[in-house]
Amino acid sequence: GQSLEQPSEVTAVEGAIVQINCTYQTSGFYGLSWYQQHDGGAPTFLSYNALDGLEETGRFSSFLSRSDSYGYLLLQELQMKDSASYFCAVRGDSNYQLIWGAGTKLIIKP
Amino acid sequence: DTGVSQDPRHKITKRGQNVTFRCDPISEHNRLYWYRQTLGQGPEFLTYFQNEAQLEKSRLLSDRFSAERPKGSFSTLEIQRTEQGDSAMYLCASSLDPGVYEQYFGPGTRLTVT
């Protein structure tokens, strides 16, 4: 089976940098996705890593280490609008389902 | 560019009643997923359609749940004999082949069973 672990909550200051970690256990690994979800909103795709290393998209970057079964999402120049929950997800036993972590609530203080 | 839409956005029903939700995916997306999400948790996979074929259904999904995607366009999710434990947000997502990793979600239907 698959399982993912993320911190339940992270607090940071506006303008700062924050890292949200995700460790996973899977029977077969094919990649790690990250999603953002604002309160009351729908999940929004942020990034996908299939290979080791850092992928950068604007203020957001995502890192993967397959040997450590570990990834993280890095958010730079934090803005109040980045306050949301962030989820990591991996493919399940089939090619058709994603298994999601419980999410990390990011709280940003002015 | 039209995103994924869901209807209704909110549904309050009494225990034992049947409810049906609709999802309209992004028009060119052939993959469609249904999820359930409760407060403080990530989305939980329910079922998957590729075009009109239902290819996967969660083993945890009760027989009271059924889904269809006639003609490979919109999809419906029906819950029969609702229970209080069915109260949750029901999310629909769509994607293009081959990707399961990049999904586009609708706003969800919030179900409250009283």
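Preceding this section is the structure that the text describes.
A few points on the structure. As the structure is a computational prediction, the values presented were derived from the model and not from experiment. Residue indices follow the written sequence of each chain, beginning from 1 at its first position. For naming, the first written chain is A and the first written ligand is 1, with later ones following in the order written. In keeping with the predicted nature of the model, local features appear solely for residues at pLDDT of at least 70, side-chain atom pairs appear and are counted solely at 80 or more, and the whole-chain, interface and lining totals rest on all residues. As a rule here, side-chain values cover all heavy atoms of the structure and leave hydrogens and water aside.

A word on the sheet that holds strand β1 (residues 5–7) of chain B. All names here are of chain B. For two strands to pair, DSSP has to find at least two bridges joining them. Segments assigned H or I by DSSP are reported as helices when at least four residues long, segments assigned E as strands when at least two residues long, and all are numbered from the N terminus. The strand order across the open sheet built from four strands is β1-β3-β8-β7, with neighbouring strands paired in antiparallel fashion. Whereas interior strands pair on both sides, the edge strands pair on one side only; in this sheet they are β1 and β7 (65–68). Direction aside, the axes of adjacent strands within the sheet are offset by 15° on average. Direction of pairing for β1 relative to strand β3 (residues 19–24): antiparallel, over a ladder of three bridges. The residue bridging Ser5 from the neighbouring strand is Asp24, located in β3. Angles run from 0 to 180 degrees between N-to-C directions of axes, and those axes are lines fitted to C-alpha atoms, restricted for helices to the stretch in contact.

Moving on to the interface of chain B and chain A. It is common to give the size of an interface as the accessible area that goes away when the parts come together. Each partner contributes residues to the interface: chain B has 23 residues there, and chain A has 20 residues. Buried area adds together the accessible area that both of two parts lose upon being put together, with accessible area traced by a 1.4 Å probe. Both sides together, the interface formed by chain B and chain A hides about 1,800 Å², and carbon and sulfur atoms give 56% of it. Only one rule defines a salt bridge in this text: a Lys or Arg side-chain nitrogen within 4 Å of an Asp or Glu carboxyl oxygen. For the pair chain B and chain A, the interface holds zero salt bridges. Pairs of N or O atoms within 3.5 Å make up the polar contacts considered here, provided that, within protein, one atom can donate a hydrogen while the other can accept it, and that residues adjacent in sequence are counted only when both atoms are side-chain atoms. Across the contact surface, chain B and chain A share seven residue pairs in polar contact (both at pLDDT 80 or more). Among the elements of the structure, β4 (31–37), β5 (44–50) and β6 (53–57) of chain B are those that each provide at least two residues to the side of chain B that touches chain A. Examining the composition of the side of chain B that touches chain A, we find that four residues originate from one element, β4 of chain B, more than from any other. Note on contacts: a residue pair is in contact if any heavy atoms of the two residues lie within 4.5 Å.

In this section: the packing of aromatic side chains. For any pair of aromatic rings, the description rests on two quantities: the centre-to-centre distance and the angle between the ring planes. Residues and elements named next belong to chain A. Each Phe, Tyr or Trp ring (for Trp, its six-membered ring) is paired with any other whose centre lies within 6.5 Å, and the angle between the two planes then decides the class: stacked below 30 degrees, edge-to-face above 60, tilted in between. Under the defined criterion, the tally for this structure stands at 18 aromatic pairs over all chains. Ring geometry for Tyr35 and Trp100: centres 4.7 Å apart, planes at 45°, overall tilted. Taken together, the positions of Tyr35 in strand β4 (residues 32–37) and Trp100 in strand β10 (residues 98–100) put the pair 65 residues apart, joining distant regions of the chain. Accessibility assignment for this pair places Tyr35 and Trp100 in one class, buried. Its guanidinium or amino end placed over the ring of Tyr30, Arg91 lies 3.7 Å from that ring's centre, counting from NZ or CZ. Burial status follows relative accessibility: with a 1.4 Å probe on protein chains alone, a residue under 20% of its type maximum counts as buried, one over 50% as exposed, and anything between as partly exposed. As a reminder, the over-ring test applies to NZ of lysine and CZ of arginine, requiring each to be within 6 Å of the ring centre and within 35 degrees of the ring normal.

It is worth spelling out the sheet that holds strand β8 (residues 70–75) of chain A at this point. All names here are of chain A. Overall, antiparallel pairing links the five strands, which are arranged β1-β3-β8-β7-β6 in an open sheet. The open sheet has two free edges, formed respectively by β1 (3–5) and β6 (53–57), since each of these has just one partner strand. Within this sheet the neighbouring strands show an average axis-to-axis angle of 20°, counted without direction. In the sheet, strand β7 (residues 60–65) pairs with β8 via six bridges, with the strands oriented antiparallel. Paired with Phe60 across the bridge in β8 is Leu75.

What follows covers the nonpolar core. For our purposes a nonpolar core is just a set of buried Ala, Val, Leu, Ile, Met, Phe, Trp, Tyr and Cys residues, chained together by side-chain atoms within 4.5 Å. Membership of the largest hydrophobic core comes to 20 residues, with the highest contact counts inside it found for Leu32, Leu75, Tyr86 and Leu106 of chain A. Those elements that provide at least two residues to this core are β2 (9–13), β3 (18–25), β4, β7, β8, β9 (84–91) and β11 (104–109) of chain A. With residues near it in sequence (within four places) discarded, Tyr86 of chain A still touches Gln6, Ile20, Tyr35, Gln36, Leu46, Phe60, Leu73, Leu75, Gly103, Thr104 and Leu106 of chain A. In this structure, Val19, Leu32, Phe65 and Leu77 of chain B belong to the second largest nonpolar core, which totals 19 residues.

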